[in-house]
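# What the coordinates show
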Amino acid sequence: MPPEKPQWRELFAEVVTTGACTGCAACVVTCPYDVLGYDDADGVYRPFHVAQDGGADDCTHGQRGCTLCTRACPRFRAWEPEIDQHLFGRVRAEDEVAGISREVVLARATDPELLAAGQDGGLVSALLVYALEHDVIDAALVSYLEGDGTTWKAIPGVARTRSEVLAAAGSRYTYSANTLAYSEALAAGAERLGLVGMGCQASAPGAMAARKAGKVARRFQLTIGLLCSKTFDDAIFPELFEARYGLARAEISKMNIKGVFQVWMRDGSYHEVPLKHARDWTREGCLKCPDFAAEHADVSAGGIGAFGDWTLTLVRTEKGADLLAAMAADGAIETRPVGDDPGVLPLLEKLSNVSRKRGPGTTRRMIPVGTG
Ligand SMILES: Cc1cc2nc3c(=O)[nH]c(=O)nc-3n(C[C@H](O)[C@H](O)[C@H](O)COP(=O)(O)OP(=O)(O)OC[C@H]3O[C@@H](n4cnc5c(N)ncnc54)[C@H](O)[C@@H]3O)c2cc1C
Ligand code: SF4
Ligand code: SF4
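Residues numbered from 1 in each chain as written. Chains lettered and ligands numbered in written order. Predicted model: local features only at pLDDT ≥ 70, side-chain atom pairs only at ≥ 80, totals over all residues.

Another point: the overall build of the protein chain. A tally of helices and strands in the protein chain yields 17 helices and 13 strands. Compactness check: the protein chain gives a C-alpha radius of gyration of 20 Å against a globular reference of 21 Å for 372 residues, within 12% of the reference. Principal axes of the C-alpha set define a box for the protein chain whose edges measure 65 × 50 × 40 Å. Across the protein chain, contacts joining residues at least 24 apart in sequence account for 70% of those joining residues at least 6 apart. (Helix = DSSP H or I, 4+ residues; strand = E, 2+ residues; numbered from the N terminus. Rg over C-alpha atoms; globule rule 2.2 N^0.38 Å. Contact = placed C-beta atoms within 7 Å.)

On to the domain arrangement of the protein chain, then. Annotation of the protein chain at the domain level lists domain 1 (8-83), domain 2 (84-233 + 282-364) and domain 3 (236-281). Taken over C-alpha atoms, the centre of domain 2 sits 24 Å from the centre of domain 3. With nine residues of domain 2 in contact, the opposing surface of domain 3 contributes eleven residues. Among the residues forming the side of domain 2 that touches domain 3, the class breakdown is three nonpolar, five polar and one charged. (Domains from an automatic or database assignment. Nonpolar A, V, L, I, M, F, W, Y, C, P; charged D, E, K, R; others polar.)

Neighbouring residues of ligand 3: T22, M198, G199, C200, C228, S229, K230, T231, G285, C286, C289 and D291. Per-class residue counts for the shell around ligand 3 are five nonpolar, five polar and two charged. (Near = placed C-beta within 6 Å.)

A few words on the site of ligand 1. Taken together, 33 residues are adjacent to ligand 1, and G118, V124, S125, S171 and G302 come closest. Looking at the shell around ligand 1, the elements with two or more residues in it are helix 7 (123-133), strand 4 (139-145), strand 6 (193-198) and strand 11 (299-302). Taken together, the residues that form the shell around ligand 1 break down as 15 nonpolar, 16 polar and two charged.

The three strands lie next to each other as 8-9-10, forming an open sheet whose pairing is antiparallel. The sheet is open, and its two borders are formed by strand 8 (252-257) and strand 10 (270-274), each paired with just one other strand. Averaged over all pairs of adjacent strands, the angle between their axes in this sheet comes to 20 degrees, without regard to strand direction. Relative to strand 10, strand 9 (residues 260-265) runs antiparallel, the two sharing five bridges. Paired with F261 across the two strands is V273, which belongs to strand 10. (Pairing = 2+ DSSP bridges. Axes fitted to C-alpha atoms, helices over the stretch in contact; angles between N-to-C directions.)

Side chains of nonpolar character tend, in soluble globular proteins, to be buried together. Ranked by internal contacts, the top residues of the largest apolar core, which has 103 residues, are A26, A72, A126, L127, A140 and L141. Examining the composition of this core, we find that nine residues originate from one element, helix 7, more than from any other. Other than its neighbours up to four places away in sequence, A140 contacts L128, L132, A159, V165, G194 and V196. In this structure, F232, I236, F237 and L247 belong to the second largest nonpolar core, which totals six residues. (Core = buried A, V, L, I, M, F, W, Y, C linked by C-beta atoms within 7 Å. Buried ≥ 20, exposed ≤ 12 C-beta atoms within 10 Å, placed from the backbone.)

Another point: helix 15 (residues 318-329). A rise of 1.5 Å per residue sets the reference length of helix 15, with its twelve residues, at 16 Å; its end C-alpha atoms lie 16 Å apart and thus fit the reference within 8%. Buried within helix 15 are the following residues: G320, L323, L324 and M327. Down the axis of helix 15, the sector holding all buried residues measures 95 degrees, keeping them to one side. Exposed residues pointing more than 90 degrees away from the buried face of helix 15 are listed as E318, A325 and A329. Looking at the buried positions of helix 15, the neighbouring elements they touch are helix 7, strand 11, strand 12 (311-315) and strand 13 (333-337). (Expected span 1.5 Å × (residues − 1). Arc of directions from axis to C-beta.)

What follows is about the pairing of strand 1 (residues 36-39). In this sheet, strand 2 (residues 46-49) lies alongside strand 1 in antiparallel orientation, the contact comprising four bridges. Each bridged residue has a counterpart across the sheet, and for D39 the counterpart in strand 2 is R46. Adjacent in sequence and paired antiparallel, strand 1 and strand 2 are bridged by six residues, among which D42 carries a positive phi angle near 50 degrees.

With that settled, the discussion passes to the sheet that holds strand 12. If you trace the eight strands from one edge of the open sheet to the other, you get 5-4-6-7-11-12-3-13, paired in mixed fashion. Each edge of the open sheet is held by one strand with a lone partner, namely strand 5 (154-159) and strand 13. On average, each strand axis in the sheet is tilted by 30 degrees relative to the strand beside it, whichever way the strands run. Along the sheet face, helix 7 touches strand 3 (103-109), strand 4, strand 5, strand 6, strand 7 (220-226), strand 11, strand 12 and strand 13 and points at about 80 degrees away from the line of strand 3.

Dropping the structure here:
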């Protein structure tokens, strides 16, 4: 029997229509024939195949042997062990519920502007600025708020300068498929890309590299993961924050999640919304996601723990370790031992376990993707 060459037909049947698809858009940016689109209207956040070329569930290029979308998809078949093996040379142990890491520290930007703009310790923004200014990457794929920010619609975009990194800093809790900014970065002449994203997106460069997805894979040079237990539908603004709590979207100035939704308004008032009230607006693409700790990033960053202005930092790959060491040596970041916050690792483990229980059978199926 010839080797299986899984293509869009298999991706559609096994990932897109089973609830395993996170909407990460890796398949869309990897498709060399531009026959995959991305629907981000009304909270959909899904790829689709254009009607003119085989319809929703088939692809003429796939029939002729193109397998690139399945090679890029970080939810296709045995994605987790394949990426683990590629990045770390081994598959994680059962008790490594937050993925494989070399070190966990608390870190933050020393630059006061980056620290102030960051959601937690500004580590992610400091990493991006350092990588841009030290010739590690040409551009970073990040998330901005659309327009003047009053719609709170998170959109993918490109950052090439310190001021663009600053404009993108902070967290939005609706979905932004940062991977989609790939084409914009290339059009601007960038070849070496940094990607910031939650685990669903942070596994994409690893999937592409593990399965040899060509030049798209080679362009991703740095992956920064964001710890994440879920994102919310954009409808949460009118339907919950405004309808139930009277918090008008245009008047919200900042949001955070620390056990509750923390909401700061432009008039200076502060409000809390219990997370259990927000449950009904959980984005569908998150319901089966097993990855809290962005397990395939070079560096993963989170905000849990006792210290609001430090970033919980999981150093995973050699590249991530080297970059953080250089930044610390140059005084771009400061670090402190994770043991300074004794509760944070147990909490990381607990939240990682909660997410792992959501993983569907499809995400652990041990069938390697064909190399044909
Ligand atoms: C949707 C979401 C859920 C999260 N959930 C948790 C959690 O449950 N527990 C936890 O410990 N940490 C969580 N985090 C991570 C946390 O909010 C911080 O992003 C992290 O601690 C890094 O802080 P920082 O100050 O170093 O980052 P910053 O310097 O503020 O940089 C943050 C980066 O994240 C990007 N970004 C912002 N919003 C989005 C988005 N919606 N999609 C993609 N990229 C985005 C920005 O463009 C920016 O580059 C979540 C983040 C997001 C975006
Ligand atoms: S998980 Fe990502 S790569 Fe896989 S089908 Fe969905 S959008 Fe495409
Ligand atoms: S829970 Fe977070 S990491 Fe998982 S699919 Fe949703 S947004 Fe992505």
